[in-house]
Amino acid sequence: MRKDSPVYMGPRLRRLRRDLGLTQADMAADLDISASYVALLERNQRPLTADMLLRLARTYKLDMAEVAGDGGTEQTARLHAVLKDPMFADIDLPQLATGDVAVNYPGITEALLRLYTSYREEHLALADRGVRAEDAPDAPDPVAEARRFIAARRNSFPLLDDAAERLAAEAEAEGGLTGWLRAKHNLRVRRLPSDVMAGSLRRYDRHRDAVLLDDALDSASSAFQLALQIAYLEMRKAFDAILKDGQFSGESERRLTRRALASYGAAAILMPYGAFAKAVEARRYDVEALARQFGTSFEQTAHRLTTLQKPGQERVPFFFLRVDPAGNVSKRLDGAGFPFARHGGSCPLWSVHRVFETPRAVVTQWLELPDGQRFFSIARTVTAGGGGWGAPRVDRAIALCCAADHAHRLIYTQGSPAAEPTPIGVTCRLCHRPQCLARSAPPIGRDMLPDDYRRTRAPFGFADG
């Protein structure tokens, strides 16, 4: 704290007192001050002196950093990020005023943030219903609900990032994840043959105090499974706190979302936010180089790149997509609110569908949507499974995509001018390019040309304009 600047922490002091179950008179007696002075402090009519801060820490055995907090820095950054939404564009919102609200009225700030998150969830739900007209309107979709929950929060969970950084530091001090499990939970790590594991990659054996791993897993997958087990052991309260604000149709939806949060936590343990955010800038988002540095797989690293939106420490926002050779989307993560994030992967002109022809080679592509927005994409195949002769393998393709404005920060654009973008659509049902030869369905709301007098080169002929 700066000595020349008075520090007002009224709302934080009030929250601390209530968390401790104390009245103003109780706290005044503990601190040897008057109850009226406690009231003045809580109303920000008196600054909190260094002496009073020290007295609070000693009396209630609190960490000084916990008492002082971050001065509302994170809340201010989160509120600033929310207020950048275009729907607030016509409102004069000075940054200083926003900071004052976040610092002096944290309860109101948190309420606004929760309300905005709920709005984003409902907005995404409407988008889902709009493009899935063939589905029953009330049919629950656990995967869609979990994706919507993650997307509404831009795939960023600072609470998990902070917990993971602490756990990563502890693991390093214990010589790694295996040492940490032994020291903190008295758990051994055992690797067993696939037939013994009976289809499980990882199993937590409570009776024998062991974490069992399939010995066919490579080093990156083994490390991820250990980190995943640590996340389940140490982050349960954080998961509950995050899930508390979600709206779920049933238990399956909640469980799928919890699994997604656990995977997020595991990745954050292997690639701690601070170190990883610094490395991505140094290596200019070179996914393969980052994977070697952190001992992770290409897919794990690409996945982690979508999460770097911690308020005040943001990096390039990415959209992540994983598809199989048939074009089925098995994973979709959005850290930037891209317009095709809800239905991406269905346009065959996107290179993510063609990289199966060049296994494990990174393919770059500039893209343009019908509304003129431009993006830059990298795509590559990844393989799951294997590990021995005859072991089944699954090949998939993943794509990372960012707005064209950010592309210059990526090593993949170094030394080459921007190429002419490939025109792609959100999905055929929403794309109105009349000459697309790859179209699989006509667009909604357009009249088809009668084929008896004019057969176009495109599969579906419709009036242009």
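Our structure is the block above this text.
Below is a short write-up of the structure. From a predicted model like this one, the values you see are computed outputs, not experimental measurements.

Here we come to the overall build of the protein. From N to C terminus, the protein includes 18 helices and nine strands. Put simply, the protein has 465 residues, and 44% of those count as buried. Pairs at least 24 residues apart make up 58% of the contacts formed inside the protein by residues separated by at least 6 positions. Taken as a whole, the protein presents about 24400 Å² of accessible surface, with 51% of it coming from carbon and sulfur.

Of note, Arg283 is situated in the loop between helix 16 (273–282) and helix 17 (287–294). With relative accessibility at 36%, the residue Arg283 sits in the partly exposed group. Arg283 sits 127 residues away from Leu410 along the chain, and the two C-alpha atoms are 8.7 Å apart. Ignoring sequence-local partners within four residues, the contact set of Arg283 consists of Ala289, Leu290, Gln293 and Ile411.

Moving on to the packing of aromatic side chains. Tallied over the entire structure, the rule returns eight aromatic pairs. Centroid distance Phe276 to Phe294: 5.3 Å. Interplanar angle 65°. Geometry classified as edge-to-face. Of this pair, Phe276 sits in helix 16 while Phe294 sits in helix 17, placing them 18 residues apart in sequence. For the pair Phe276 and Phe294, a shared accessibility class is recorded, and that class is buried. An aromatic cluster of three or more residues is present, and its members are Phe149, Phe157, Phe248 and Tyr264. Residue placement shows Lys310 over the ring face of Tyr273; its charged tip is 5.5 Å from the ring centre. Between the NZ or CZ atom of Arg380 and the centre of the ring of Phe298, over which it lies, the distance is 4.0 Å.

Reading guide: rules and limits
- Residues numbered from 1 in each chain as written.
- Predicted model: local features only at pLDDT ≥ 70, side-chain atom pairs only at ≥ 80, totals over all residues.
- Heavy atoms only, no water.
- Helix = DSSP H or I, 4+ residues; strand = E, 2+ residues; numbered from the N terminus.
- Buried < 20%, exposed > 50% of the residue type's maximum accessible area, 1.4 Å probe, protein only.
- Contact = heavy atoms within 4.5 Å.
- Areas by Shrake-Rupley, 256 points an atom, 1.4 Å probe, with all protein chains shown as cover.
- Phe/Tyr/Trp six-rings, centres within 6.5 Å; stacked < 30°, edge-to-face > 60°.
- Lys NZ or Arg CZ within 6 Å of the ring centre and 35° of its normal.

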